[in-house]
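A closer look at the structure
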Amino acid sequence: MDTSTPEDAELQAQFDATVAADQRIEPRDWMPEGYRRTLIRQIAQHAHSEIMGMQPEGNWILRAPSLRRKAILLAKVQDEAGHGLYLYAAAETLGVDRDDLTQRLVDSRQKYSSIFNYPALSYADIGVIGWFVDGAAICNQVPLCRCSYGPYARAMIRICKEESFHQRQGYELLLAMVNGTDAQREMVQESVNRWWWPSLMMFGPPDGDSPNSQQSMAWGIKRHTNDELRQRFVDMTVPQAEVLGVTLPDPQLRWNPDRGAHDYGEPDWAEFKAVLAGSGPANAQRLAHRRRAHENGAWVREAARVHAEKQAARKEVAA
Amino acid sequence: MIPADDAPAPAEPAAGETPAAARRGWPLYEVFVRGKRGLNHVHVGSIHAADDEMALHNARDVYTRRNEGVSIWVVRADHIAASSPSEKDPFFAPSADKIYRHPTFYAIPDEVPHL
């Protein structure tokens, strides 16, 4: 950071005092360039994840088994779009442009959550995504409601209120399935087996391999380490799995009375890195779909803009 | 959803490096929602739209999916005038030294009721 002049040092001191006092930084406040860059990167990735997260589930809307399930899934996918928009709006307060962020996404210059590069292969996946993926998202997002950057924190509060429905609808779907036939129970277990480890990876690399965490925590962007949040998710999920009667696919998973927490196995970090780097099962498909949707919408955006300009010009002439 | 925030990402440009005007996207609107009758409109976020009418529709879809409001205002972000945070102290200074504007400034004997 640049504190070369007394003025800069004073601004830095004001910023540090605001963060230390657990107050919020607002868009027009002075902030260190690194803080701004970190927030832009994190909020944009978060927004992209919401938008990309529409794909695995959107794919099942037309194949939902009942009108009830279809309406629920449609509402959930619409929420994800809304969450993406809240977050793009928060990112824009930092001086970036949404169109530019979208371009960065479709050009593979910005990331999104690795979890959406796994395919949703059966309808049980819709339940498990709600239960695990939205459950993990809640663990991650609740502390972000107290993030030091005001617009991000406010977007997270709004999102967290809606996320609870996402997790509950997933769990309820699975309850219906495990109370159904043997084949349905097998579908649920098979889906749990596929999604468990990728869900644990959603919290990011282990603390020892997470170079940005410490700075993010010092800035009040992040409140807990990756491993703390992962542990919280495991402890929260185990009793939920018992009620469903499914087995979490980790032979090392057991209660540790000394720690007052569950011990669990190590996710395959090589797989995590490979998926992040672009070689997950669905990376290419997801990105191509997003790019196509963006390009196919170009004429609509252009037409609406030109129409609005024409209407405005007519109004001016009439006035 | 949330990404792993440790995902390696290419360097960001400095804020505002890509001029929005160059691509001529839709303008930015700030959105204010009245939660229920009797309350003020409160700022809830922003939205992009080609014109005022679309801004209202988009704001409804994005910010009031669960009965969060009974009325929405949208206003072009570039039409808002705001005080500058850097002049925070001088701008708000006139209110700081007029303590006689607060009821606690006036000492009233305890036995005086309803005051």
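Above this note sits the structure.
On a predicted model such as this, the values are computed, not experimentally measured, just so you know. (Residues numbered from 1 in each chain as written. Chains lettered and ligands numbered in written order. Predicted model: local features only at pLDDT ≥ 70, side-chain atom pairs only at ≥ 80, totals over all residues. Heavy atoms only, no water.)

A closer look at the overall build of chain A
For the record, the criterion: Secondary structure elements follow DSSP: runs of H or I no shorter than four residues count as helices, runs of E no shorter than two count as strands, and numbering proceeds from the N terminus. Using C-alpha atoms as the atom set, the radius of gyration is obtained and then compared with a globule rule of 2.2 Å times the number of residues to the power 0.38. In this analysis, two residues are considered to be in contact whenever any of their non-hydrogen atoms come within 4.5 Å of each other. Reported accessibility uses the Shrake-Rupley method at a 1.4 Å probe radius. Residues are deemed covered only where the shown protein chains occlude them. Charge convention: Lys and Arg are scored as positive, Asp and Glu as negative, and His as well as the terminal groups of each chain are ignored. To locate a charge, the coordinates of NZ of Lys, CZ of Arg, CG of Asp or CD of Glu are taken.
For chain A, the count of helices and strands is 13 helices and two strands. In terms of C-alpha radius of gyration, chain A reaches 22 Å, essentially the compact-globule figure of 20 Å for 319 residues. Structurally, chain A occupies a C-alpha span of about 70 × 55 × 35 Å along its principal axes. The long-range share in chain A, meaning contacts at least 24 apart out of those at least 6 apart in sequence, stands at 77%. Accessible area for chain A stands at about 14,400 Å²; split by element, carbon and sulfur atoms hold 55% of it. Across chain A, the centroid of the 37 positively charged side chains sits 6 Å from that of the 42 negatively charged ones.

As for the state of the cysteines
Structurally, a disulfide amounts to a covalent bond that connects the sulfur atoms of two cysteines. All names here are of chain A. Applicable threshold: Any two cysteine sulfur atoms within 2.5 Å of one another count as a disulfide. Each residue is assigned to one of three classes by its accessible area relative to the maximum for its type, calculated with a 1.4 Å probe on protein chains only: buried under 20%, partly exposed between the two thresholds, exposed over 50%.
Taken as a whole and assessed by the stated rule, the structure comprises zero disulfides over all chains. With no disulfide partner, Cys139 has as its closest neighbouring cysteine sulfur the one in Cys160, 10 Å distant. Judged by its relative accessible area of 16%, Cys160 falls in the buried class.

Section: helix H7 (residues 150–178) of chain A
Basically, it comes down to this: A helix is expected to span 1.5 Å for every residue after the first. What we call the bend at a residue is the angle made by axes fitted to the seven residues finishing there and the seven residues starting there.
Between its first and last C-alpha, H7(A) extends 42 Å over 29 residues, near the 42 Å set by a 1.5 Å rise per residue. Of all the bends in H7(A), the greatest measures close to 30° and is centred on Glu162(A).

Some remarks on the environment of Glu26(A)
Residue and element names in this part refer to chain A. Looking at where Glu26 falls in the secondary structure, it is placed in the loop between helix H1 (6–20) and helix H2 (33–52). Residue Glu26 is classed as partly exposed on the basis of its relative accessible area, which comes to 27%. The spatial distance from the C-alpha of Glu26 to the C-alpha of Tyr264 is 40 Å, given a sequence separation of 238 residues. What Glu26 contacts, discounting residues up to four positions off in sequence, is Met31, Tyr149, Gly150, Pro151 and Arg154.

Here's the deal with the sheet that holds strand S2 (residues 41–48) of chain B
Whenever strands of a sheet pair, they do so through backbone hydrogen bonds, lying parallel or antiparallel. Residue and element names in this part refer to chain B. Rule in force here: At least two bridges found by DSSP between two strands are what make those strands a pair. Each axis is a line fitted through C-alpha atoms, and for a helix only the stretch in contact is used; angles between axes span 0 to 180 degrees, taken between their N-to-C directions.
Taken together, the three strands give an open sheet; going across it, the order is S2-S1-S3, and neighbouring strands pair in antiparallel fashion. Edge positions in the open sheet fall to S2 and strand S3 (71–76), since each of these has one partner strand only. Between one strand and the next, the sheet's axes are offset by a mean angle of 25°, whatever the strand orientation.

Points about the pattern of salt bridges
Residue and element names in this part refer to chain A. Test applied: The rule for a salt bridge is simple: a side-chain nitrogen of Lys or Arg has to be within 4 Å of a carboxyl oxygen of Asp or Glu.
Inspection of the entire model under this criterion finds 26 salt bridges over all chains. The shortest N-O distance in the salt bridge between Asp100 and Arg104 comes to 3.4 Å. Taken together, the residues Asp100 and Arg104, both in helix H5 (residues 98–106) and four residues apart, mark about one turn of the helix. On the accessibility criterion, Asp100 (8% relative accessible area) is buried.

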